[in-house]
Amino acid sequence: MQLYFSPLACSVATRVCLYEAGTEATYIEVDSKTKRTLDGSNYLEVHPLGLVPALRTDDGDVLTENAAILQYLAGALPQAELAPTDNRGRVRLQQWLSFIGTELHKATFAPLLDASSTEGARSYALERGTHRLSYLEQHLTGREFLLERFSVADAYLVTVLGWCAATPIDLKKWPALSAYFARLLERRSVAKAFSEERRLYLAQLEKRKTSP
């Protein structure tokens, strides 16, 4: 498999899941500004929207959209037990993937991280995000994971929560959520993914500074 990613983007979740399963993959870094890979290839030829992640499967298919890729990995790597196998459990998984993708990733963090957002858009996103994080706080109180065990939804959520550092959101306001985030950061697959992606992110920033 080949994972097209940008450092510290939502593609971190896919890396976490691949590490969780102990599966070998090729990681192809994409510059989020130029839409070029490190070897100069045009990423738009892989995914016309230029968004990450994209996953090229062993049979050559290119999959896009974070939630879809995560569910594909859960099915392709059953030994890692990254998703429930019963119908109700899979519906709950889809529920959380949808919530993270729409209510947190796009509705809350995207406006806060976008330098072109207006102050009104940022304020609105922050207000909405506060309610959504309080909803998560209630769910995670007394729970270790979103579902009964670690799943692809947790890989996605810990990735998104990592963006708090670049926003006004302070997770200390939500003790259960803050503890959940700290706990997952200590998980081997998560710690490895975040450590590697931070290093690559800093290297990408430095490269941009020196580029003409």
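Residues numbered from 1 in each chain as written. Predicted model: local features only at pLDDT ≥ 70, side-chain atom pairs only at ≥ 80, totals over all residues. Heavy atoms only, no water.

**A few points about the overall build of the protein**
Scanning the protein from N- to C-terminus turns up 7 helices and 4 strands. Secondary structure elements of the protein occur, N-terminal to C-terminal, as β-α-β-β-β-α-α-α-α-α-α. Against the 2.2 N^0.38 benchmark of 17 Å for 212 residues, the protein shows a C-alpha radius of gyration of 17 Å, consistent with a compact globule. Every one of the 212 residues in the protein was classed for burial, and the buried ones make up 45%. Of the roughly 11000 Å² of accessible surface on the protein, a fraction of 52% belongs to carbon and sulfur atoms. (Helix = DSSP H or I, 4+ residues; strand = E, 2+ residues; numbered from the N terminus. Rg over C-alpha atoms; globule rule 2.2 N^0.38 Å. Buried < 20%, exposed > 50% of the residue type's maximum accessible area, 1.4 Å probe, protein only. Areas by Shrake-Rupley, 256 points an atom, 1.4 Å probe, with all protein chains shown as cover.)

**Some details on the sheet that holds strand β2 (residues 26–29)**
Two modes of strand pairing occur in sheets, parallel and antiparallel, and in both the strands are linked by backbone hydrogen bonds. If you walk across this open sheet you meet the 4 strands as β2-β1-β3-β4, and the pairing is mixed. What marks the edges here is a single partner per strand, and that holds for β2 and β4 (62–64). With strand direction ignored, the average angle separating the axes of adjacent strands in the sheet is 20 degrees. Bridging between strand β1 (residues 2–5) and strand β3 (residues 54–56) involves 3 bridges; their strand directions are antiparallel. (Pairing = 2+ DSSP bridges. Axes fitted to C-alpha atoms, helices over the stretch in contact; angles between N-to-C directions.)

**Observations concerning the packing of aromatic side chains**
Under the definition given, this model contains 7 aromatic pairs. Seen in terms of ring centroids, Tyr 4 and Tyr 43 are 5.5 Å apart; in terms of plane orientation they differ by 35 degrees. Their pairing is tilted. With Tyr 4 in strand β1 and Tyr 43 in the loop between β2 and β3, the pair connects residues that are 39 residues apart, well separated along the chain. Tyr 4 sits in the buried class, given a relative accessible area of 7%. When the centroid spacing of 6.0 Å and the interplanar angle of 75 degrees are considered together, the rings of Phe 109 and Trp 163 count as edge-to-face. (Phe/Tyr/Trp six-rings, centres within 6.5 Å; stacked < 30°, edge-to-face > 60°.)

**Topic: the pairing of β1**
With 4 bridges joining them, β1 and β2 adopt parallel strand pairing. The partner of Leu 3 across the bridge, within β2, is Tyr 27. The parallel pair β1 and β2 is bridged by helix α1 (residues 12–21), and the resulting crossover is right-handed. (Right-handed = clockwise from strand over helix to strand, strands pointing away.)

**Considerations on the UniProt feature "domain: GST N-terminal" (unreviewed entry) in the protein**
The UniProt record marks residues 1–81 with the feature "domain: GST N-terminal" (unreviewed entry), using the residue numbering of this structure. In the segment residues 1–81, helix accounts for 26% and strand for 17%; the C-alpha atoms at its two ends are 19 Å apart. (UniProt positions renumbered as here; feature names shortened; annotations may be inferred.)

**What to know about the environment of Glu 45**
Inspection of the secondary structure assignment puts Glu 45 in the loop between β2 and β3. Residue classification places Glu 45 among the exposed positions, given a relative accessible area of 68%. C-alpha separation for the pair Glu 45 and Leu 184, spaced 139 residues apart in sequence, amounts to 35 Å.

**Description of the domain arrangement of the protein**
Each assigned domain of the protein is listed with its residue range as follows: domain 1 (2–79) and domain 2 (84–189). Averaged C-alpha coordinates put domain 1 and domain 2 at centres separated by 21 Å. Opposite the 14 residues of domain 1 that make contact, domain 2 presents 12 residues. Buried area between domain 1 and domain 2, summed over both chains or domains, comes out near 1200 Å², and the portion from carbon and sulfur atoms is 66%. A per-residue breakdown of the area domain 1 buries against domain 2 is headed by Val 16, Glu 20 and Gln 71, which together make up 39% of the total. If you look at where domain 1 meets domain 2, you find 1 salt bridge. (Domains from an automatic or database assignment. Contact = heavy atoms within 4.5 Å. Buried area = accessible area lost by both parts, 1.4 Å probe. Salt bridge = Lys/Arg side-chain N within 4 Å of Asp/Glu carboxyl O.)

**Some words on α1**
Since the α-helix turns once every 3.6 residues, residues separated by three or four places project in the same direction. Of all 10 residues that make up α1, 9 are buried, and the element is covered over most of its length. Among all positions of α1, only Val 12, Ala 13, Thr 14, Arg 15, Val 16, Cys 17, Leu 18, Tyr 19 and Ala 21 are buried. Once α1 finishes, Gly 22 follows within two positions and takes phi at roughly 65 degrees, a positive value.

**Topic: the environment of Ala 67**
Relative to the helices and strands, Ala 67 resides in helix α2 (residues 66–76). Under the relative-accessibility criterion, Ala 67 is labelled partly exposed at 22%. In sequence terms Ala 67 and Glu 144 are 77 residues apart; their C-alpha atoms lie 21 Å from each other.

**A word on the pattern of salt bridges**
By the definition in use, this model includes 7 salt bridges. Note that Arg 15 is salt-bridged to Glu 197, the shortest N-O span being 2.7 Å. Within this pair, whereas Arg 15 is found in helix α1, its partner Glu 197 is found in helix α7 (residues 188–210), the two being separated by 182 residues in sequence. Look at Arg 15 and you get buried, because its relative accessible area is 3%. Using a relative accessible area of 0% as the deciding quantity, one classes Glu 197 as buried. Among the charged side chains, a salt-bridge network with shared partners connects Arg 15, Glu 196 and Glu 197.

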